[in-house]
Every structure is written in structure tokens, then in C-alpha cells.
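One letter stands for each residue in the lines below.
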Amino acid sequence: QKEVEQDPGPLSVPEGAIVSLNCTYSNSAFQYFMWYRQYSRKGPELLMYTYSSGNKEDGRFTAQVDKSSKYISLFIRDSQPSDSATYLCAMRAQGGSEKLVFGKGTKLTVNP
Amino acid sequence: DSGVTQTPKHLITATGQRVTLRCSPRSGDLSVYWYQQSLDQGLQFLIQYYNGEERAKGNILERFSAQQFPDLHSELNLSSLELGDSALYFCASSVVTGGTETQYFGPGTRLLVL
């Protein structure tokens with residue numbers, strides 16, 4: 001079983017839709033959870049960062065972590081064509097190693 | 001623009017050859033990470049350097065090596081290249097603020113091994 005599983009999609013939605021992106025993981029030591037956005041032919045950029053369980057909101061983006069289910073989500077409200085990108089979840093354990101483990105990414109297209 | 005620079009942007013070479021990828025971290029960042037991104041494996045951590053010293057190792061092949069120089073730029077050396085080494089190679093530098101570490105990725109080097 002892979003440490004982090006992420007549905008690669010592709011996911012295609014109309015402009016204005018609510019998008020839900022998800023990852024599951026198997027390592028209970030993971031404490032830090034991130035979502036990166038990667039535009040085509042660019043490097044990943046950090047979108048959201050959460051520690052342990054709970055929700056975090058930033059504008060149209062909400063990140064949720066459910067450690068009991070080993071499940072994290074990213075919600076995008078009022079999606080825009082500029083949100084079209086690949087979204088990667090990433091996580092790491094607390095203390096010591098800074099090694100990030102990434103999901104394979106979900107390719108999202110928001111159609112105008 | 002993340003502030004992390006990588007050269008070259010593209011590299012085409014043949015099997016068996018050796019190449020060097022270069023990364024300059026953001027000003028002041030001491031940590032440099034190297035990642036490989038391929039379609040089937042996703043983004044895989046290769047190796048981390050901190051202030052010139054190797055700090056963590058991931059799925060890095062023995063044919064690959066890296067170093068970080070006193071000016072903090074880093075190089076990733078890939079030798080005896082195989083077709084399967086074709087991928088995007090990213091470096092990232094990081095900063096810790098309030099106990100939270102954030103990695104900033106460069107634009108990547110696209111390597112094609114023919």
C-alpha cells in the first residue's frame with residue numbers, strides 16, 4: 001500500500017462549481033498536511049498548510065484533515081478557469097525528518 | 001516566481017551519459033531539496049542538503065549524487081543515464097517560520113534521455 005493515495009482524475013468542472021480533492025494516507029505519524037498547486041510546466045507552489053486535524057480556510061480554499069480516517073480534503077469554492085492545474089497533497093511526520101511524501105496529483109480543469 | 005532558480009530548463013541526452021543539474025536557493029535559505037517527478041511515480045523526494053551537509057536521503061539511485069556548495073547552490077549529478085531517468089527534476093529551498101517549514105520549488109529541469 002502506498003503511503004499517500006490520490007485520485008489522479010482528470011477532473012473537469014464548470015466555472016463556479018465546488019471542487020473537492022482528496023487524499024488518503026496510511027502512515028499515522030503524519031502530522032503536517034499540505035496542498036500544492038502545479039500549473040503546467042511550472043514547479044509546485046504551496047497553497048494550504050495544516051497541522052494535525054481540523055479545518056483551515058483561505059479565501060475560496062478550505063483544507064480539512066481527518067486524522068482518525070487518515071483522510072484529507074481540499075475544497076475550492078466558486079472555481080475559476082485560473083484554478084485549472086494539478087493539485088498535489090503532501091504530508092510529513094512530526095520532528096526529525098523534513099521528508100515530504102506527495103500524492104501523485106489530481107489534474108483539474110475548470111471550464112468557462 | 002518562487003525565487004529558486006534551476007538550470008538548464010531542458011536537457012536532451014543519450015543513454016549512458018552524465019548530466020549536472022544546478023539549483024540556486026532563495027536568498028537566505030539554507031536547505032535544498034531535490035525531487036524527481038515522473039508520470040507514473042509522481043513527485044519523489046531524492047535528497048536534502050542543509051548548509052552544505054547531507055541531511056536526508058530519499059529514493060535516490062546510486063547513479064545519482066548531489067552536493068551543496070559554500071554559496072549554498074546545489075548540483076544534482078546523474079550518471080549512466082537510462083531511458084527511465086527521463087523526468088522533471090525539481091529543487092526546492094525552505095524556510096522555517098514560527099515552527100512551520102515551507103518549501104519553495106524552482107521551475108524544474110526537464111530531462112529527456114534518448
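Refer to the structure presented above.
In this text the structure is predicted, and so the values were computed from the model without any measurement.

Q: Summarise the packing of aromatic side chains; cite the residues concerned and give the values.
A: Tallying each qualifying case throughout the model produces 14 aromatic pairs over all chains. An angle of 80 degrees between the planes, with centres 6.1 Å apart, marks the rings of A:Phe102 and B:Phe105 as edge-to-face. Taken together, the positions of A:Phe102 in strand β10 (residues 101–102) and B:Phe105 in strand β10 (residues 100–105) put the pair across two chains. Here the guanidinium or amino end of A:Arg92 rests over the ring plane of A:Tyr32, the centre of that ring lying 4.4 Å away. Sitting over the ring of B:Tyr104, B:Arg26 keeps its end group 3.9 Å from the ring centre.

Q: Outline the state of the cysteines, listing residues and values.
A: One pass over the full model with this rule turns up two disulfides over all chains. Disulfide pairing is shown between A:Cys23 and A:Cys89; the S-S distance is 2.0 Å. The sign of the -100 degrees torsion about the S-S bond sets the A:Cys23-A:Cys89 disulfide as left-handed. Here A:Cys23 is found in strand β3 (residues 19–25), whereas its partner A:Cys89 is found in strand β9 (residues 85–93), with 66 residues between them in sequence. Judged by relative accessible area, which is 1%, A:Cys23 ranks as buried. Each disulfide pairs two cysteine sulfurs, and for B:Cys23 the partner residue is B:Cys91, the sulfurs being separated by 1.9 Å. What sets the handedness of the B:Cys23 and B:Cys91 disulfide is the S-S torsion sign, and at about 70 degrees it is right-handed. Taken together, the residues span a long stretch of sequence, with B:Cys23 in strand β3 (residues 19–24) and B:Cys91 in strand β9 (residues 87–97) at a distance of 68 residues. Each of the two residues, B:Cys23 as well as B:Cys91, counts as buried.

How each quantity is defined
Residues numbered from 1 in each chain as written. Chains lettered and ligands numbered in written order. Predicted model: local features only at pLDDT ≥ 70, side-chain atom pairs only at ≥ 80, totals over all residues. Heavy atoms only, no water. Phe/Tyr/Trp six-rings, centres within 6.5 Å; stacked < 30°, edge-to-face > 60°. Helix = DSSP H or I, 4+ residues; strand = E, 2+ residues; numbered from the N terminus. Lys NZ or Arg CZ within 6 Å of the ring centre and 35° of its normal. Disulfide = S-S within 2.5 Å. Buried < 20%, exposed > 50% of the residue type's maximum accessible area, 1.4 Å probe, protein only.

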